[in-house]
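Chain residues, written in single-letter form:
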Amino acid sequence: MAIKTIDPNNISIPELQGYLQAAVAPRPIAFASTVDKDGQVNLSPFSFFNMFSTNPPILIFSPSRRVRGNTTKHSLDNVLEIAEVCINVVNYPMVEQMSLASTEYEKGVNEFVKAGFTQVPSTLIQAPRVGEAPVAFECKVLQVLPLGTEGGAGNLVICQVILIHVQEQYLDEAGRLDTTKIDLVARMGGNWYARAFGDALFEIPKPLFTRGIGIDALPEAIRNSTVLTGNNLGRLGNIEVLPGSPEIELMKNDAEVAEALTKGTDALHRLAQLRLEAGNTEEALKILLLK
Ligand SMILES: Cc1cc2nc3c(=O)[nH]c(=O)nc-3n(C[C@H](O)[C@H](O)[C@H](O)COP(=O)(O)O)c2cc1C
């Protein structure tokens, strides 16, 4: 594999930004509503965003200094004047309007109006929330941490969530947010976005309370398989104990297994792979352990 190695000091800031944003992706989007000291409302998206603590509940986003002109964004100026922000999450039905709201309108222009979002008063803070957002977090700003003084420097806006609004249509029967319904979008490199919906979603069973044996504990013939992928081995390494020989031998009663056995190792591994991808990890491992 040919590798290109890059010293961040030897490329332009836009180039560096390109590598960082395309590689550190998909990034969730904070649709941040803020107000200045005169109560003027601003609404802008920020994908330098994530959660960093549950107790206390902390969200952080970062309005950067503009590369061109090294000026600051209204969202940053506002949180320095009024230390509050409403962070709205963005789902697919909102994505084009959200993008429109990222336009660099002059100070005082309300992007709720420009982008056609419903401005709903917040309960505990002055900054309004986006009525269309599946979830809105009313936050107080604890700290603003500048990461540099040049164009492209981020400013960490460290926020504590003080109230959460959730649209009930995105809850499951147990009252939890339903990942399959919420249809969130994320920012990639360039103009690309990702949509977390349908076939794009998948689950990985991770037994938090047990401990997988690890890929290193799998027999060499499995680890060096020419058929199995890294993902296949990762799933197998999650198993807690290797099955015993009587259980393994029983697999020979399975007609497909018996047939694959006559065709050789690769056929057996391909069958195991099918079972693995169908979610039958134990069965797959027994097939792989057959002699
Ligand atoms: C999806 C998306 C994500 C963005 N993420 C960021 C970001 O993390 N940091 C940033 O400084 N600008 C980001 N931008 C650009 C800002 O939204 C844009 O500069 C905005 O107009 C700033 O507005 P303001 O000056 O009113 O705060 C993003 C734009 C889009 C469309």
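See the structure above.
Here is a short report on the structure shown in this document.

Criteria and thresholds
- Residues numbered from 1 in each chain as written.
- Predicted model: local features only at pLDDT ≥ 70, side-chain atom pairs only at ≥ 80, totals over all residues.
- Heavy atoms only, no water.
- Phe/Tyr/Trp six-rings, centres within 6.5 Å; stacked < 30°, edge-to-face > 60°.
- Helix = DSSP H or I, 4+ residues; strand = E, 2+ residues; numbered from the N terminus.
- Buried < 20%, exposed > 50% of the residue type's maximum accessible area, 1.4 Å probe, protein only.
- Contact = heavy atoms within 4.5 Å.
- Polar contact = N/O pair within 3.5 Å; in protein donor to acceptor, adjacent residues only side chain to side chain.
- Core = buried A, V, L, I, M, F, W, Y, C linked by side-chain atoms within 4.5 Å.
- Pairing = 2+ DSSP bridges.
- 1 Å grid on protein atoms, 1.4 Å probe; cavity = no way out; pocket = protein on both sides within 12 Å on 5 of 7 lines; lining within 4 Å.
- Points joined across faces, edges and corners; volume = space filled by probe spheres on them.
- Nonpolar A, V, L, I, M, F, W, Y, C, P; charged D, E, K, R; others polar.
- Axes fitted to C-alpha atoms, helices over the stretch in contact; angles between N-to-C directions.
- Near = heavy atom within 4 Å.
- Areas by Shrake-Rupley, 256 points an atom, 1.4 Å probe, with all protein chains shown as cover.

**Comments concerning the packing of aromatic side chains**
Between two aromatic rings, the relevant description is the distance of the centres plus the angle of the planes.
Thought 1: Scanning all chains against the criterion turns up two aromatic pairs.
Thought 2: Residues Phe31 and Phe117 carry aromatic rings whose centres are separated by 5.3 Å and whose planes lie at 75 degrees to one another, so their mutual orientation is edge-to-face. With Phe31 in strand 2 (residues 30-35) and Phe117 in the loop between helix 4 (111-115) and strand 7 (119-120), this pair connects stretches of sequence that are 86 residues apart.
Thought 3: The interplanar angle of 40 degrees and the centroid separation of 5.3 Å between the aromatic rings of Phe46 and Phe61 together place this pair among those described as tilted. With Phe46 in strand 3 (residues 41-46) and Phe61 in strand 5 (residues 58-61), the pair connects residues that are 15 residues apart, well separated along the chain. Per residue, the accessibility class of Phe46 equals that of Phe61, and both read buried.

**Things to note about the environment of Arg27**
Thought 1: Its location among the elements puts Arg27 in strand 1 (residues 27-28).
Thought 2: Of the residues examined, Arg27 reaches a relative accessible area of 7% and is grouped as buried.
Thought 3: Considered as a pair, Arg27 and Ser47 are 20 residues apart in the sequence and their alpha carbons are 5.6 Å apart.
Thought 4: With near-sequence residues (within four places) excluded, Arg27 lies in contact with Gln21, Ser47, Phe48, Ala186, Arg187 and Met188.
Thought 5: A polar atom in the side chain of Arg27 sits 2.8 Å from the backbone oxygen of Val24.
Thought 6: A distance of 3.0 Å separates polar atoms of two side chains, one belonging to Arg27 and the other to Ser47.

**Quick look at the nonpolar core**
Most often, soluble globular proteins keep nonpolar side chains buried together rather than apart.
Thought 1: Counting residues in each nonpolar core, the largest one holds 21 residues, and the members touching the most others are Ile222, Leu236, Val257, Leu285 and Ile287.
Thought 2: For this core, the secondary-structure elements that each account for two or more residues are helix 7 (230-236), helix 9 (255-263), helix 10 (265-277) and helix 11 (281-288).
Thought 3: With five residues, the top contributor of residues to this core is helix 10.
Thought 4: Judged by nonpolar contacts, the second largest core, of 20 residues, contains Phe49, Val85, Phe137 and Val161.

**Looking at the sheet that holds strand 12 (residues 193-195)**
Thought 1: Sheet architecture is open: three strands sit in the order 1-11-12, paired in antiparallel fashion. Where the open sheet ends on each side, the last strands, each with one partner, are strand 1 and strand 12.
Thought 2: In this sheet, strand 12 lies alongside strand 11 (residues 185-187) in antiparallel orientation, the contact comprising three bridges. Looking at strand 12, one finds that Val185 is bridged to Arg195.

**Comments concerning the environment of Val85**
Thought 1: Of note, Val85 is situated in strand 6 (residues 84-89).
Thought 2: Sequence separation of Val85 and Leu228 is 143 residues, and the distance between their C-alpha atoms is 48 Å.

**Some words on empty space enclosed by the protein**
Thought 1: In this structure the tally under the stated criterion is one cavity of 30 Å³ or more.
Thought 2: Along the walls of the largest cavity sit Asp36, Gln40, Val41, Asn42, His74, Asn78, Tyr105, Glu106, Lys107, Gly108, Val109 and Glu111, which together make up its complete lining.
Thought 3: Elements with a contribution of two residues or more to the lining of the largest cavity: strand 3 and helix 2 (74-81).
Thought 4: Tallied by class, residues from the lining of the largest cavity come to three nonpolar, five polar and four charged.

**Considerations on the pairing of strand 9 (residues 135-146)**
Thought 1: In terms of strand pairing, strand 6 meets strand 9 through five bridges, oriented antiparallel. By the bridge assignment for strand 9, Asn88 is matched with Ala136.
Thought 2: Relative to strand 10 (residues 155-166), strand 9 runs antiparallel, the two being bridged by eleven bridges. The partner of Gln143 across the bridge, within strand 10, is Ile158.

**Overview of the sheet that holds strand 5**
Thought 1: Spatial ordering of the open sheet is given by 3-2-6-9-10-5-4, a layout of seven strands whose pairing is antiparallel. Each edge of the open sheet is held by one strand with a lone partner, namely strand 3 and strand 4 (49-53). Averaged over all pairs of adjacent strands, the angle between strand axes in this sheet comes to 35 degrees, irrespective of strand direction.
Thought 2: Strand contacts of helix 2: strand 2, strand 3, strand 6, strand 9 and strand 10, with the helix running at about 120 degrees to strand 3, the strand carrying the most contacts.

**A word on the site of the ligand**
Thought 1: Residues in close proximity to the ligand total 21 residues, the closest being Pro45, Ser64, Ser75, Ser102 and Glu104.
Thought 2: At 2.9 Å from an oxygen atom of the ligand is found a side-chain nitrogen or oxygen belonging to Asn42.
Thought 3: Here an oxygen atom of the ligand and a backbone polar atom of Ser64 are 2.7 Å apart.
Thought 4: Isolated, the ligand exposes 650 Å² of accessible area, and the fraction of that covered by the protein chains is 92%.

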